[in-house]
Amino acid sequence: MNRIRLKPSGLSFQVADDTDLLLAAAESGIQVPAACRNGVCEICEARLVSGQALNTRNQKLITVGERLMMCRTLALTDLKLEIPAVMASGNHQPRQYLAKVVDVRSISHDVYRVELQLPKRREVAFHAGQYLSVNLPGAEPCYFSIASSPSAANIELHIQASPDWVSAQKVIDALTSGQDVTVELPHGKACLAAAPDKPVLMVAAGTGFAQMKSLCEFLQETRFQHPVKLYWGVRKHEDMYLRSLAQQWHDDWSPFSFFPVVGDDEDNDWGGHHDQLVGAVLASGADWQNVEVHASGSPAMVYTLMDALMAEGLPKQAFFSDVLEYAPRD
């Protein structure tokens, strides 16, 4: 196996001697622009910065400074490649799109599953774990995690809406009208541009599961073999709106383990379920020096969890949550 390092993104992946660079990058979850299936050539272009590589089309060595097509290149040594089209986590610039509403359906007493179709989907890039905004005329943008993998044909959202959630309810009302809607994406830096080289622990509260679903589907599409643990905390059993899906992953995906945490309490002002969720995570027995943690939920839950895990030895740079960006502590 050889190690391939990409600049300027800083991403890297491993490749076997008999596997082309494009396939190996895809198996690691790295999005390299390519359109081979459309008969278009020279899109997966990179420049060799260091190392030795072989062009499989003419069986000639590629020299440093030359450009190469990743789909027809084998690595003979560790390589460093320059490929500006590959973005690091959170570096895609947000753009607005007019999305077609494909489906809106209730999947629990207060959560809706929304499916959106974007024009020229192959040209819309985002990383697993990012989020978008729904921009209704005359209203402030509403932000929702993308619940689908970056490779999915359509965009999936999980929107919690009720008469008490006025902005979210307005979004659901607008989407169910069947009209197209303006969205802006991608947003967020707590995401995966490539499969990590260590175990992953995910912690979700309520509809924070949407972000974890995107991460899980992304990792399932790669050759990821490290343990993946998901702790999903809710107040009541009926709030765990896709428990059967998480259980299916637990049963069918060997690296994955699912740990539901139910507060079983009706009081919306009670914060004890946060401590219950954090307590379950602390009891996991993880090697906190060798794990990557992704958390999605309220700022109270996320900061309680982060403080507890850092006290146990988790490095700060191994903790990822959008809360750290949109609700930073003073």
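Small disclaimer: the values here were computed from a predicted structure and weren't measured.

Student: Hey, could you go over the nonpolar core for me, with residue numbers and the actual values?
Tutor: In terms of nonpolar packing, the biggest core is built from 30 residues, with M202, F209, L219, L230, W232 and F256 touching the most fellow members. Of all the secondary structure elements, the ones that give two or more residues to this core are β15 (200-205), α3 (209-220), β16 (228-234), α4 (243-252) and β17 (256-262). When residues in this core are grouped by element, the largest group, seven residues, is from α3. Residues within four places of F256 in sequence aside, it is in contact with C216, V228, L230, A246, W249 and H250.

Student: Describe the UniProt feature "domain: FAD-binding FR-type" (unreviewed entry) in the protein chain, and please don't skip the residues or the numbers.
Tutor: Feature annotation in UniProt places "domain: FAD-binding FR-type" (unreviewed entry) on residues 94-193, given in this structure's numbering. Taken end to end, residues 94-193 is 11% helix and 41% strand, and its two terminal C-alpha atoms sit 16 Å from one another.

Student: Which residues make up the environment of V32, and what values do they have?
Tutor: Here V32 lies in the loop between α1 (21-27) and β3 (45-50). Its relative accessible area of 12% is what places V32 among the buried residues. As for V32 and A75, which are separated by 43 residues in sequence, their C-alpha atoms are 17 Å apart. Residues in contact with V32, not counting those within four places in the same chain, are L22, A25, C44, M70, I83 and V86.

Student: Any details on the pairing of strand β13 (residues 155-160)? Residues and values, ideally.
Tutor: Consecutive residues of a regular strand have side chains that alternate between opposite faces of the sheet. The element β13 is largely enclosed, with a buried count of five among its six residues. Pairing geometry for strand β10 (residues 111-117) and β13, over six bridges, is antiparallel. Across the sheet, E115 pairs through a bridge with E156, a residue of β13.

Student: Which residues make up the sheet that holds strand β5 (residues 60-62), and what values go with them?
Tutor: Each strand in a sheet pairs with another by means of backbone hydrogen bonds, the pair being arranged parallel or else antiparallel. Taken in spatial order, the three strands of this open sheet run β5-β4-β7, and their pairing is antiparallel. Looking at the sheet topology across the chains shown, the edges are occupied by β5 and β7 (73-75). Neighbour to neighbour, the strand axes of the sheet diverge by 35 degrees on average, direction disregarded. As paired elements, strand β4 (residues 53-55) and β5 share three bridges and run antiparallel to each other. Bridge pairing in β5 links L54 to L61.

Student: Break down the environment of R121 for me, with residues and values.
Tutor: If you trace the backbone, R121 turns up in the loop between β10 and β11 (131-135). Distance in space between the C-alpha atoms of R121 and V49 is 32 Å, their sequence separation being 72 residues. Discounting chain neighbours no more than four positions away, the residues touching R121 are F126, S149, P150, A152, A153 and I155. Of note is the side chain of R121, whose polar atom sits 2.8 Å from the backbone oxygen of V124. A distance of 3.2 Å separates the side chain of R121 from the backbone oxygen of A152, its partner in a polar contact.

Student: Can you tell me about the packing of aromatic side chains, naming the residues and giving the values?
Tutor: Taken as a whole and judged by the stated rule, the model has eight aromatic pairs. An angle of 25 degrees between the planes, with centres 5.9 Å apart, marks the rings of F209 and W249 as stacked. Of this pair, F209 sits in helix α3 while W249 sits in helix α4; the two residues are 40 residues apart in sequence, bridging distant segments of the chain. The interplanar angle of 90 degrees and the centroid separation of 5.7 Å between the aromatic rings of W249 and F256 together place this pair among those described as edge-to-face.

Student: Explain the side chain of D239 to me, using residue names and the numbers behind them.
Tutor: Secondary-structure assignment places D239 in the loop between β16 and α4. An unpaired buried charge is present at D239: no salt bridge exists, and K236, the closest side chain of opposite charge, is 4.8 Å distant. When sequence neighbours within four positions are dropped, the list of residues in contact with D239 reads H109, W232 and V234.

Definitions and cut-offs
- Residue indices begin from 1 for each chain and proceed along its sequence in written order.
- At least 70 in pLDDT is required for a residue's local features to be given in this predicted model, at least 80 for side-chain atom pairs to be given and counted, and no such filter applies to totals for whole chains, interfaces and linings, which use all residues.
- Excluding hydrogens and water, the side-chain figures rest on all heavy atoms present in the structure.
- To define a nonpolar core, start from buried Ala, Val, Leu, Ile, Met, Phe, Trp, Tyr and Cys residues and group those joined through side-chain atoms within 4.5 Å.
- Each residue's exposure class comes from its accessible area (1.4 Å probe, protein chains only) as a fraction of the maximum for that residue type: buried when under 20%, exposed when over 50%, partly exposed otherwise.
- Strands here are runs of E lasting at least two residues and helices are runs of H or I lasting at least four, both read from the DSSP assignment and numbered beginning at the N terminus.
- In what follows, a contact means two residues having at least one pair of non-hydrogen atoms within 4.5 Å.
- UniProt positions are given in the numbering used here, feature names are shortened, and annotations may be inferred rather than shown by experiment.
- At least two bridges found by DSSP between two strands are what make those strands a pair.
- Here an angle of 0 to 180 degrees is reported between the N-to-C directions of two axes, which are lines fitted to C-alpha atoms, with helices fitted over the stretch in contact.
- Throughout this description, a polar contact denotes any pair of N or O atoms lying within 3.5 Å of each other; where both atoms belong to protein, one of them has to be capable of donating a hydrogen while the other can accept it, and for residues adjacent in sequence the pair is counted only when both atoms sit in side chains.
- Two rings from Phe, Tyr or Trp (for Trp, the six-membered ring) form a pair when their centres sit within 6.5 Å of each other. Planes less than 30 degrees apart are called stacked, planes more than 60 degrees apart edge-to-face, and all others tilted.
- For the charge count, each Lys or Arg is scored as positive and each Asp or Glu as negative, with His and the chain ends excluded.
- In what follows, salt bridge is the name for a side-chain nitrogen of Lys or Arg lying within 4 Å of a carboxyl oxygen of Asp or Glu.

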